[in-house]
Structures are given as structure tokens and as C-alpha cells.
Amino acid sequence: MHGFARPSAALFGAAAVTLLCTCGEERPPLASAGRDERSAELADADAARGRRLVSAHGCIACHTMPGVRGPASNVGPPLDGLARRAYLGGTLPNSPANLVRWLLDPPAVNPRTAMPNTGLAPAEAADIAAFLLARP
Ligand code: HEC
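Residues numbered from 1 in each chain as written. Predicted model: local features only at pLDDT ≥ 70, side-chain atom pairs only at ≥ 80, totals over all residues. Heavy atoms only, no water.

You'll find the chain entered in an unreviewed UniProt entry as Cytochrome c oxidase subunit 2, with Achromobacter veterisilvae given as the organism.

This is the structure we're talking about:
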């Protein structure tokens, strides 16, 4: 009896290791995970609507955005080239999902940030994210 138990346990161990290795290999690289996230998060987003929301919600009171008329404020960083930014608010890795998260509630991401919660609805945050990420 013992003679059988041992090899089967070893076999199970080997199978488990093989399984783990297979999972690791099939995991998509980080870059493509980001793309998947983008299509999921911003599938229904409307960049043109996002542009209007940026004006309507007072973002330009604190941020400059080339192409959007405003008071040339420098309270927050300029919002051009956002797609090339590595981090949002200096802490959150930049991705479409994280941009939406940041826009919805910056103090929830970083309690010490100077950017307030601007009261966006999730769909509005997605529209603005689509607009910002499409800008050069
Ligand atoms: C009262 C001023 C203020 C308002 C209003 C404001 N922001 Fe900000 N925003 C900031 C500040 C300050 C930062 C920098 C935060 C930090 O680094 O912690 C920031 C950061 C950001 C960032 C991250 C940029 C980066 O490179 O880290 C984005 C994106 C952003 N704001 C978008 C918006 C949008 C869109 C709106 C309008 C819905 C808006 N902000 C309204 C002050 C403001």
C-alpha cells in the first residue's frame, strides 16, 4: 500500500508543478494586459463628451490643457501627453482603469493630494479619460 502511495504523491506533485508553470507561461505580458484593460474600461467612453466635461467641471481652473480654453492655471500639472505619463498623482501606475479611478476620487488614492474630488460620475470619468489619453 505504502509502495503505491508514494509514487502517486510524487506524480501529483509533478503535475501541480507543471500546472503552475503552464499558468505562468500563459499569463499575458503586462503591456497587453494594459490594452485589454483599456478596451474594457473605456469601451463606451466618448472623448468629445470628455472634452466638454473638462470645461464644465472646472478642471481648467487648476490645469492647462492645450486646445482647451482656460485661465492658464498651474495649480496642477498640465494635462497634455497624459498617455506617456508613468504615474498619476506621483503614486498610481498610469493605465486607463487607474486614470478613471484617479478622476473619480483623487484623495482616495492619495489622502495628501491637492486635487479634490470633483464629483464626477463613473461614465463622465471614463469620457474624460478617453479624451485625455487621446491627446498628444
Ligand atoms: C483645485 C484644483 C484642481 C482641480 C479643480 C482639478 N485638479 Fe487635477 N490635479 C490637481 C493637482 C494639484 C494635481 C497633482 C496631484 C498630485 O500629484 O498629487 C492634479 C492631478 C491630476 C491628474 C494626474 C496628472 C499627473 O500627471 O499626475 C489628472 C489626470 C487630473 N488632475 C485631471 C483633472 C481633471 C480631469 C479635472 C476636472 C474633472 C481636475 N483634474 C480638476 C488639481 C486640480
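1. Things to note about the overall build of the chain
Along its length, the chain carries 6 helices and 2 strands. When its helices and strands are written in sequence order, the chain yields α-α-α-β-β-α-α-α. For the chain, the accessible area works out to roughly 8800 Å², and carbon and sulfur atoms hold 62% of it. (Helix = DSSP H or I, 4+ residues; strand = E, 2+ residues; numbered from the N terminus. Areas by Shrake-Rupley, 256 points an atom, 1.4 Å probe, with all protein chains shown as cover.)

2. Some words on unusual backbone geometry
Phi at Ala-72 takes a positive value of approximately 60 degrees, unusual for a residue other than glycine. Following the sequence through the fold, Ala-72 ends up in the loop between helix H3 (47-56) and strand E1 (87-88).

3. With respect to the coordination of the iron atom of the ligand
Listed as protein donors to the iron atom of the ligand are His-63 (NE2) and Met-115 (SD); their distances from the metal cover 2.0 to 2.2 Å. Classification of the site at the iron atom of the ligand rests on its 6 donor atoms, whose angles at the metal span 82 to 179 degrees, yielding the label octahedral. On the criterion of sequence distance, the pair formed by His-63 in the loop between H3 and E1 and Met-115 in the loop between helix H5 (106-109) and helix H6 (122-134) is long-range, its members being 52 residues apart. (Donors = N, O, S within 2.8 Å, 3.2 Å for Na, K, Ca; no water. Tetrahedral: all angles 85-135°; square planar, octahedral: opposite > 155°, others 65-115°.)

4. A look at the environment of Arg-135
Checked against the element boundaries, Arg-135 lands in the segment after H6. Distance from Arg-135 to Ala-47, taken between C-alpha atoms, is 9.6 Å for residues 88 residues apart in sequence. Setting aside its immediate chain neighbours within four residues, Arg-135 contacts Met-65, Pro-66, Gly-67, Val-68, Leu-79 and Gly-81. (Contact = heavy atoms within 4.5 Å.)

5. Considerations on H6
Helix length check: H6, at 13 residues, gives a terminal C-alpha distance of 18 Å against a target of 18 Å (1.5 Å per residue), a fit within 8%. When we look at burial in H6, the residues that qualify are Ala-125, Ala-126, Asp-127, Ile-128, Ala-129, Ala-130, Phe-131, Leu-132 and Leu-133. (Expected span 1.5 Å × (residues − 1). Buried < 20%, exposed > 50% of the residue type's maximum accessible area, 1.4 Å probe, protein only.)

6. Some thoughts on the site of the ligand
Not every one of the 23 residues close to the ligand is listed here, only the nearest: Cys-59, Cys-62, His-63, Arg-85 and Met-115. Within the contact set of the ligand, a nitrogen atom lies 2.7 Å away from a side-chain nitrogen or oxygen of His-63. Between Thr-113 and the ligand, the recorded distance is 2.6 Å, taken from a side-chain N or O atom to an oxygen atom. It is helix H4 (residues 96-104) that contributes the most residues to the shell around the ligand, 3 residues altogether. (Near = heavy atom within 4 Å. Polar contact = N/O pair within 3.5 Å; in protein donor to acceptor, adjacent residues only side chain to side chain.)

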